[in-house]
Amino acid sequence: MSLLTVEHISKSFGGIKAVSDFSFQVGKGQIVSIIGPNGAGKTTVFNLLTGIYRPDTGSIRLDGEELVGLKPYQLIENGVARTFQNLRLFSELTVLENVMIGYQSRIHYSLWDSLLVTKKKRQGEAQAEDRAREIIERIGLSHQIDNDCKNLPYGMQKKVEIARAMVSEVKLVLLDEPAAGLNPSETAEMSDFIQRLKEWGYTVLLIEHDMNLVMKISDYIYVMNYGAELAGGLPAEIRSNPQVIEAYIGKGGVQRVLKSG
Ligand code: ATP
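Residues numbered from 1 in each chain as written. Predicted model: local features only at pLDDT ≥ 70, side-chain atom pairs only at ≥ 80, totals over all residues. Heavy atoms only, no water.

Asker: Please explain the overall build of the chain as it appears in this structure.
Answerer: Scanning the chain from N- to C-terminus turns up eleven helices and ten strands. In the chain, buried positions account for 50% of the 261 residues. A separation of at least 24 residues holds for 67% of the contacts in the chain among residues at least 6 apart in sequence. Summed over its atoms, the accessible surface of the chain is roughly 12,200 Å², and 50% of this surface lies on carbon and sulfur atoms. (Helix = DSSP H or I, 4+ residues; strand = E, 2+ residues; numbered from the N terminus. Buried < 20%, exposed > 50% of the residue type's maximum accessible area, 1.4 Å probe, protein only. Contact = heavy atoms within 4.5 Å. Areas by Shrake-Rupley, 256 points an atom, 1.4 Å probe, with all protein chains shown as cover.)

Quick look at the structure:
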């Protein structure tokens, strides 16, 4: 069953068609990846899904609800959470504090509640803390809970960012290049971690350049080129697709990786 249904979205910047009549689906509980050469339009798709940009045409539905026109904070409330290519953690805050921030969209209290530190405010904070502690324990970082994020190795910081996305009642987690900047052992850990997200019931949409990781964990892969779909299929189909190999020729040897997988 499809959780996310994207139909015919397009987005231009001046004369540049960043995304052009692109359609795709993500089934509940799946890991779906979008790959493609640099400038193919992948990040723009994420920005359209998270309300940073509004598509010129097309529709984006989550569980049947239209998302086009919603603001980024409304999308979080609707269950779409994301991570970024470059970490966006508060490095001076602890792991617990960073993860609690992801829960803010679920807590509703007024300025009055905040100023007077009312019971409602205290209950909201306690709820956020309980939930954050639960997620941190689940991802195996309880031993770092009170450590400032700046003191953690990069791979752990990336997990904290994903935990912040997981902590609200999220339906779809968008991961933007989770393996970027990781060393091989951290990448292997990240690969296991994303598979565990699936086991825990999360639905994941992934943009990633590391083809080994993509081929290993994806249920389905969409390949973008020049803003449009070049191919869609299972990892084995994508790996042997001549058009996909062609699109990657000269792009840093990814062709070789696709072949050898
Ligand atoms: P990469 O893998 O390098 O991150 P990508 O597949 O994510 O690339 P996008 O960043 O979505 O590609 O860019 C698609 C095209 O749209 C590129 O030509 C890019 O220069 C252009 N583009 C993206 N955002 C903007 C913007 N805000 N203004 C103008 N052009 C943009």
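From this point, the narrative continues.
Asker: What should I look at first to understand the sheet that holds strand β5 (residues 65-66) in this one?
Answerer: Hydrogen bonds between backbone groups are what pair the strands of a sheet, and the pairing can be parallel or antiparallel. Read from one edge of the open sheet, four strands run β2-β1-β4-β5, paired in antiparallel fashion. Strand pairing shows two members of the sheet lacking a second neighbour, β2 (16-27) and β5, which therefore form its edges. Examined bridge by bridge, strand β4 (residues 57-62) and β5 share two bridges and lie antiparallel to one another. When the bridges of β5 are listed, R61 appears paired with E66. Strand contacts of helix α1 (residues 42-49): β1 (2-13), β2 and β4, with the helix running at about 65° to β2, the strand carrying the most contacts. (Pairing = 2+ DSSP bridges. Axes fitted to C-alpha atoms, helices over the stretch in contact; angles between N-to-C directions.)

Asker: Just checking my understanding: could you explain the site of the ligand for this structure?
Answerer: Taken together, 14 residues form the shell around the ligand, and within it G39, G41, K42, T43 and T44 come nearest. One of the side-chain nitrogen or oxygen atoms of N38 is found 3.2 Å away from an oxygen atom of the ligand. Between K42 and the ligand, the recorded distance is 2.7 Å, taken from a side-chain N or O atom to an oxygen atom. Examining the composition of the shell around the ligand, we find that three residues originate from one element, α1, more than from any other. The residue makeup of the shell around the ligand, split by class, is six nonpolar, seven polar and one charged. (Near = heavy atom within 4 Å. Polar contact = N/O pair within 3.5 Å; in protein donor to acceptor, adjacent residues only side chain to side chain. Nonpolar A, V, L, I, M, F, W, Y, C, P; charged D, E, K, R; others polar.)

Asker: Is there a simple way to explain helix α7 (residues 184-199) in this structure?
Answerer: In an α-helix, one turn spans 3.6 residues, which is why side chains three or four residues apart end up on the same side. A rise of 1.5 Å per residue sets the reference length of α7, with its 16 residues, at 22 Å; its end C-alpha atoms lie 23 Å apart and thus fit the reference within 8%. Listed as buried for α7 are E186, T187, M190, S191, F193, I194 and L197. For α7, the buried positions fall inside an angular range of 165° around the axis, keeping them on one side. Turned more than 90 degrees off the buried face of α7, the exposed positions are P184, S185 and E199. Those residues of α7 that are buried are in contact with β3 (31-35), α6 (154-166), β7 (172-176), β8 (203-207) and α8 (211-217). Where α7 begins, the side chain of N183 points an oxygen toward the backbone nitrogen of S185, at a separation of 3.1 Å. With its phi angle positive at about 100°, G201 sits one or two positions after the end of α7. (Expected span 1.5 Å × (residues − 1). Arc of directions from axis to C-beta.)

Asker: Is there a simple way to think about the pairing of β2 in this case?
Answerer: Across eight bridges, β1 lies against β2 in antiparallel orientation. Bridge assignment links K11 to a residue of β2, and that residue is V19. Counted along the chain from β1 to the antiparallel partner β2, the turn is two residues long, and its residue G14 has a positive phi close to 60°.

Asker: What's the story with the environment of K17 in this structure? I'm lost.
Answerer: Mapped onto the secondary structure, K17 falls in strand β2. Put simply, K17 and A228 are 211 residues apart on the chain and 9.4 Å apart in space, counted from C-alpha to C-alpha.

Asker: What should I look at first to understand the packing of aromatic side chains in this one?
Answerer: Two measures describe an aromatic ring pair: the distance that separates the ring centres and the angle between the ring planes. One pass over the full model with this rule turns up six aromatic pairs. Relative to W200, the ring of F193 has its centre 6.3 Å away and its plane inclined at 80°; by these criteria the two rings are edge-to-face. Three or more aromatic residues link up through ring pairs in this structure, and these residues are F22, F24, Y220 and Y222. The ring of W200 has R138 sitting right over it, with the charged end atom 5.3 Å from the ring centre. It is K159 that lies over the ring of F193; its NZ or CZ is 5.4 Å from the centre. (Phe/Tyr/Trp six-rings, centres within 6.5 Å; stacked < 30°, edge-to-face > 60°. Lys NZ or Arg CZ within 6 Å of the ring centre and 35° of its normal.)

Asker: Got a minute to help me understand the pattern of salt bridges in this structure?
Answerer: Close approach of charged atoms allows side chains of opposite charge to pair. Here the structure, examined in full by the defined rule, presents 13 salt bridges. Notably, a salt bridge pairs D192 with K216, separated by 4.0 Å at the nearest N-O pair. Of this pair, D192 sits in helix α7 while K216 sits in helix α8; the two residues are 24 residues apart in sequence, bridging distant segments of the chain. For D192, a relative accessible area of 39% gives the class partly exposed. (Salt bridge = Lys/Arg side-chain N within 4 Å of Asp/Glu carboxyl O.)

Asker: I keep staring at the packing of α6 against α7 and nothing clicks. Help me out?
Answerer: Geometry of a packed helix pair, given as the angle between the helix axes and the separation of the axes. Between α6 and α7, the shortest axis-to-axis distance is 10 Å and the interhelical angle comes to 15°. Looking at the two axes, α6 sits roughly parallel to α7. The chirality of how α6 crosses α7 is right-handed. Contact residues: Y154, G155, K158, K159, I162 and M166 in α6; E186, E189, M190, F193 and L197 in α7. (Parallel < 35°, antiparallel > 145°, perpendicular 65-115°, else oblique. Left-handed = near helix turned anticlockwise from the far one by under 90°.)

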